[in-house]
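# Coordinate inspection notes
Chain by chain, the residues:
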Amino acid sequence: MKYSEFGLCNTHEMFRNAINKRFAVPAFNAYNMETISAIISAARLTKSPVIIAISESALKYMGDDMLMGMIAGAKITPTEQIALHLDHGVSVESCMHAINIGFSSVMLDFSKRDLSENINATANIVRYAHARDVSVESELGILSGIEDENTQSTESVYTNPDIAQKFVTDTKTNSLAIAIGTSHGAYKRKSANEKLRFDILEQIQAKIPNTPLVLHGASSVPAEYIDTINKFGGDIQNAMGIDTEQLEFAATKTNICKINIDSDLRLAFTAAVRKSLFGAPQNFNPREYIGAARDEIRNMCIFLMRTVFHCANKI
Ligand code: G3H
Ligand code: 13P
Ligand code: ZN
């Protein structure tokens, strides 16, 4: 089925607006009914464009039919500007598969392959996607941290601005994920002094001024969630994310048009469940503690949309 039959849209218009009006579209990772409905509610309540990001492992967890059934059940309309995006697609085939079941945007992540392999595969999926009016994101450079359940890199390699220019020209990708110091997961920095390399971002922008840029690994890892998790039986030590001032700068002063957040939703979910269960030891009604998680995620998404990404009321 084509994505438009689900009321979804591709990312073209939202990114054009994001560049012109200086905001960023959040890509929140989802993996169940609660995360999907929290993200969509937040977008509706704030009138924000939003990207629902589905990783390969999340797609496997939900199954194609269950995911697309939930998306159909959300009764999305094209005027809402909601995109369904494959996050870190591992192969051209899996991107094609996502497009064929109704995704409106795909990422092919060949960032750890040779440049020529990355260019060829990206150009291939771009041809397939563009013939179906689907957006394509690709990645250059390497983020450190856990990229998915199976891969992790210990070292980051910043995106090279000259290579970015060649890559965009050769592939015609719609957007480019860049490495400027972010990383996946909850352990991004050892000290508050470690800052993102906005100088490299500036050089990349100068080479490809019309290409929407994407920031992966952008969770801020709010201390209140870590404290709540630890207070109610968890044990997460030395976690540190990207401070929201840097994210707000990226969203409003640069060509970063899409900012990816997964870990913060996981933390919000876990904090809410732990707190809810701890406060009611006799409770065994999952709708109560999972409902608390859904509400917490929705509120966090609203906060980020309004005060960090500045995408509220931008439809
Ligand atoms: O960037 C990747 C996401 O954090 C996805 O993680 O594969 O565990 O769903 P996941
Ligand atoms: P975080 O781990 O910082 O939330 O990054 C998510 C991400 O980049 C998903 O693609
Ligand atoms: Zn990512």
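Our subject is the structure listed above.
Throughout what follows, the structure given in this document is the object of discussion. (Residues numbered from 1 in each chain as written. Chains lettered and ligands numbered in written order. Predicted model: local features only at pLDDT ≥ 70, side-chain atom pairs only at ≥ 80, totals over all residues. Heavy atoms only, no water.)

It is worth spelling out the coordination of the zinc ion (ligand 3) at this point. Bound to the zinc ion (ligand 3) are the protein donor atoms His 88 (NE2), His 184 (NE2) and His 216 (ND1), situated 2.1 Å from the metal. Mapped onto the polypeptide sequence, the residues donating to the zinc ion (ligand 3) form the spacing pattern H-x95-H-x31-H. Taken together, the residues His 88 in strand 3 (residues 82-89) and His 184 in strand 9 (residues 183-184) connect sequence positions 96 residues apart. (Donors = N, O, S within 2.8 Å, 3.2 Å for Na, K, Ca; no water. Helix = DSSP H or I, 4+ residues; strand = E, 2+ residues; numbered from the N terminus.)

So, on to the site of ligand 2. As a matter of local geometry, ligand 2 sits amid 15 residues, with Asp 87, Lys 188, Ser 219, Asp 262 and Ser 263 nearest to it. The backbone of Gly 217 places a nitrogen or oxygen atom 2.8 Å from an oxygen atom of ligand 2. When ligand 2 is considered free in solution it has 300 Å² of accessible area, and contact with the protein chains removes 97% of it. (Near = heavy atom within 4 Å. Polar contact = N/O pair within 3.5 Å; in protein donor to acceptor, adjacent residues only side chain to side chain. Areas by Shrake-Rupley, 256 points an atom, 1.4 Å probe, with all protein chains shown as cover.)

Bringing the environment of Ile 297 into the picture now. You can see Ile 297 is positioned in helix 12 (residues 286-307). Judged by its relative accessible area of 0%, Ile 297 falls in the buried class. With 25 residues separating them along the chain, Ile 297 and Ala 272 place their C-alpha atoms 8.9 Å apart. Apart from the residues lying within four places of it in its own chain, the contact partners of Ile 297 are Thr 35, Ala 38, Leu 265, Ala 268 and Phe 269. (Buried < 20%, exposed > 50% of the residue type's maximum accessible area, 1.4 Å probe, protein only. Contact = heavy atoms within 4.5 Å.)

Counting through the fold element by element, Gln 81 comes out in the loop between helix 4 (64-73) and strand 3. For Gln 81, a relative accessible area of 7% corresponds to the buried category.

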